[in-house]
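# Structural overview
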Amino acid sequence: MRQNYINKLFTAFLISIICLTFTNVFATDKPLANNEYTLVVEGFDWGPAANKVIIGLDAPSTTIDYKDFTVSVERSHACADVPAAQAKGNRSVVYAYVSDNQGKRVKEGSFVTLVLAVAPNMPLGSTFQYSQKPACRGNQWVDYKVTITDTKTNKVWNKEKNRIMPLIDDFDLTGKFEYEAGKTMSYAAFSPKNKTTKSPLIIWLHGGGEGGTDPTIPLLGNKAANYASAEMQAFFGGAFVLSPQCPGAWMHNKDGVITHGKEDDVYNKGLMALIKNYVKKNPNIDTKRIYVGGCSNGGYMALKLILNEPNYFAAVYISALAYQSQYITDQQINSIKNVPIWFVHSKDDGTTVPENTVVPVYKRLKAAGAKNVYFTYYDHVTDLSGFFGGENYYYNGHWSWIYSHVNHAKVDFDGSPVKLNNRPVTIIEWMAAQSKK
């Protein structure tokens, strides 16, 4: 009897240990409610898209068939107009796999990740809507509602519980800086992990459609979050990334009208104060390796900052420059001729016409004796992925920042490769090598 009691006690003890072990293993794999889902939003060359959705299963599984699921979406916004054809419809499910609750593939699990088709001409996939209305101008997050149906069981998931945004989730999105009494700028900031030495700082200034108070919009609208990717970070051995957000547009003058450099804008002093404050608060930033870049409105502002303080930045990278050459004096050109600069532009840019902006600015800098200034001049902005037509697919010619964000630019104005120590380099490799003397 006593031995039987001991055996039962020992069995109970083993069961408790096993239960505790499995509880710890699956503690982070929290189940979703029956109708809940997790949405995954990632940045692509053309902007953000919802490219995955994660749902919970009633029981663990090892296999799943994507053909068993349908996905429909509704897109709306309280202010921005959403065209009827882009307001609701079905998404294409291209693949499915058993995963954990973060979308990581596992052999057996209680979750399924559905992979959705995305493309630049599939607006139903976009979580942004561009608006021209004064009350909500620029890129806006839409109310993005998803309904997933298991066609075999008729089970439905239609309530978003969580949202995962790869790279974006690695940024601190809480930054606020008071640049004038009662006026603030938002900013997103990324810090390199496990660094014990000083690191460079990459600053990105968004375009005219990403102003406001939500710093996720500049990170996704221009894919600026990519500077925090492992691939980009490797060039710098780890780098801080700062993405300030203008409350309006960087090129606004005191009357709220766009200036192309004819008169002063109202943000450059406040922005420079924000940058210096961020550097001061982060003593691990290498002040000899601070890089600033931007596109369109942000390209204007990047050039404005070095015109004001040509000795502060180690290098500048500008795409779709909006600063018109006619408003830059020869004295100003001479003041920045020794600043390392790399311009990127497309010949078919109808918004920041190159003949009025980057072409004469580059030529004037070279005529003034600039040695470390380059200009990659594309015929068109094309599909780098190859999925949508490759060189035969044309994006809007204004979107030359695509080439900066994926480190594609590698030739100078005459088509010759840009070289560093007699070795061909890309724009990011070149930038990472720049340091103030």
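This write-up is about the structure you can find in this document. Note that the structure is a prediction, hence the values are computed from the model and not measured. Counting from 1, residues in each chain are numbered in the order their sequence is written. Under the rules for a predicted model, residues below a pLDDT of 70 receive no local features and side-chain atom pairs below 80 are neither given nor counted, while totals for whole chains, interfaces and linings still include all residues. Calculation of side-chain values draws on the structure's entire complement of heavy atoms; hydrogens and water are dropped beforehand.

### Brief notes about the overall build of the protein
Defined as follows: Where helices and strands are cited, they refer to DSSP runs of H or I of at least four residues and of E of at least two residues respectively, numbered from the N terminus. Buried means the residue's accessible area, taken with a 1.4 Å probe over protein chains only, is under 20% of the maximum for its type, while exposed means over 50%, and partly exposed covers the values in between. Here a residue-residue contact requires only that any non-hydrogen atoms of the pair lie within 4.5 Å. Every accessible area reported is derived by Shrake-Rupley at a probe size of 1.4 Å, with residue values counting cover from the shown protein chains alone. In this tally, Lys and Arg are treated as positive and Asp and Glu as negative; His is ignored, and so are the chain termini. To locate a charge, take NZ of a lysine, CZ of an arginine, CG of an aspartate or CD of a glutamate.
Scanning the protein from terminus to terminus reveals nine helices and 21 strands. Seen through its C-alpha atoms, the protein measures out along the principal axes to roughly 100 × 55 × 50 Å. Classification of the 437 residues of the protein by burial places 52% in the buried group. Summarising the internal contacts of the protein: among those between residues at least 6 apart in sequence, 69% fall at separations of at least 24. When the accessible surface of the protein is totalled, it reaches about 20800 Å², and 53% of it is carbon and sulfur. Taken as two groups, the 45 positive and 38 negative side-chain charges of the protein have centres that lie 6 Å from each other.

### Some remarks on the state of the cysteines
Going by this rule: Disulfides are defined as cysteine sulfur pairs within 2.5 Å.
Evaluated as defined, the whole model comprises one disulfide. Across the disulfide from Cys79 sits Cys136; the S-S distance is 2.1 Å. The sign of the S-S torsion, about -80 degrees, decides the handedness of the disulfide formed by Cys79 and Cys136: left-handed. Residue Cys79 is found in the loop between β3 (69-76) and β4 (88-91), and its partner Cys136 is found in the loop between β7 (128-131) and β8 (138-141); the two are separated by 57 residues along the sequence. Here Cys79 matches Cys136 in class, with each residue buried. For Cys295, which is in no disulfide, the shortest distance to another cysteine sulfur is to Cys246 and amounts to 13 Å.

### A few points about unusual backbone geometry
Keep in mind that most residues, glycine aside, have a negative phi and that most peptide bonds are trans. Non-glycine residue Ala320 carries a positive phi angle of around 50 degrees. You can see Ala320 is positioned in the loop between β17 (315-319) and α6 (330-336). According to the relative accessible area criterion, Ala320 is buried, its value standing at 0%. Unusually for a residue other than glycine, Asn422 sits at a positive phi of about 65 degrees. Relative to the assigned elements, Asn422 resides in the loop between β20 (419-420) and β21 (423-424). Under the relative-accessibility criterion, Asn422 is labelled exposed at 65%.

### Re the side chain of Ser131
The criterion, for reference: Any N or O atom pair separated by 3.5 Å or less is treated as a polar contact, with the protein-specific requirement of one donor-capable and one acceptor-capable atom, and with residues adjacent in sequence counted only for side-chain atom pairs.
The topology assignment puts Ser131 in strand β7. Assessed through its relative accessible area of 3%, Ser131 is described here as buried. At 3.1 Å, the side chain of Ser131 forms a polar contact with the backbone nitrogen of Lys133. Among the polar contacts made by the side chain of Ser131, one reaches the main-chain carbonyl oxygen of Cys136 at a distance of 3.2 Å.

### Topic: the sheet that holds strand β2 (residues 47-61)
Rules: A pair of strands is treated as paired once DSSP finds two or more bridges between them. Between N-to-C directions, angles cover 0 to 180 degrees, with each direction set by a line fitted to C-alpha atoms, over the stretch in contact for helices.
One open sheet accounts for five strands, arranged β5-β6-β2-β1-β11; its pairing is mixed. Both outer strands of the open sheet, β5 (93-99) and β11 (159-164), are each paired with one neighbouring strand and no more. The mean angle between the axes of side-by-side strands here comes to 30 degrees, regardless of whether they run parallel or antiparallel.

### Quick word on the side chain of Asn253
Summarising the element assignment, Asn253 is placed in the loop between β15 (240-245) and α4 (268-281). Taking the relative accessible area as the measure of exposure, Asn253 reaches 9% and is therefore buried. Residues in contact with Asn253, not counting those within four places in the same chain, are Thr259, Glu263, Asp264, Asp265 and Val266.

### With respect to the environment of Val359
With respect to the helices, strands and loops of the structure, Val359 is situated in helix α7 (residues 358-367). Spatially, the C-alpha atoms of Val359 and Ser61 are 59 Å apart, while their sequence positions differ by 298 residues. Val359 has contacts with Pro354, Phe375 and Tyr377, leaving out every residue within four places of it along the chain.

### Concerning the nonpolar core
What counts here: To form a nonpolar core, buried Ala, Val, Leu, Ile, Met, Phe, Trp, Tyr and Cys residues must be joined to one another through side-chain atoms within 4.5 Å.
Counting residues in hydrophobic clusters, the biggest one holds 68 residues, and the most contacted among them are Leu114, Ile148 and Met431. For this core, the element with the most residues is helix α9 (residues 427-432), which contributes five residues. In this structure, Leu114 is in contact with Asn51, Lys52, Val53, Phe69, Val71, Val93, Tyr95, Ala96 and Ile148, ignoring residues within four places of it in sequence. If you look at the next biggest cluster of nonpolar residues, it comprises 52 residues, including Met185, Leu303, Phe343 and Tyr362.

### Digging into the pairing of strand β13 (residues 183-190)
With six of eight residues buried, β13 is to be regarded as a mostly interior element. By the bridge criterion, six bridges tie strand β12 (residues 172-180) to β13 in an arrangement that is antiparallel. Bridge assignment links Gly175 to a residue of β13, and that residue is Tyr187. From the end of β12 to the start of β13, which pair antiparallel, there are two residues, and Gly182 there has a positive phi angle of about 80 degrees.

### Some words on the environment of Thr426
Along the polypeptide, Thr426 turns up in the loop between β21 and α9. Separated by 16 residues in sequence, Thr426 and Lys410 have C-alpha atoms that sit 4.4 Å apart. Apart from the residues lying within four places of it in its own chain, the contact partners of Thr426 are Trp342, Asn407, Ala409 and Lys410. One polar contact links Thr426 to Asn407, side chain to side chain, over a distance of 2.8 Å.

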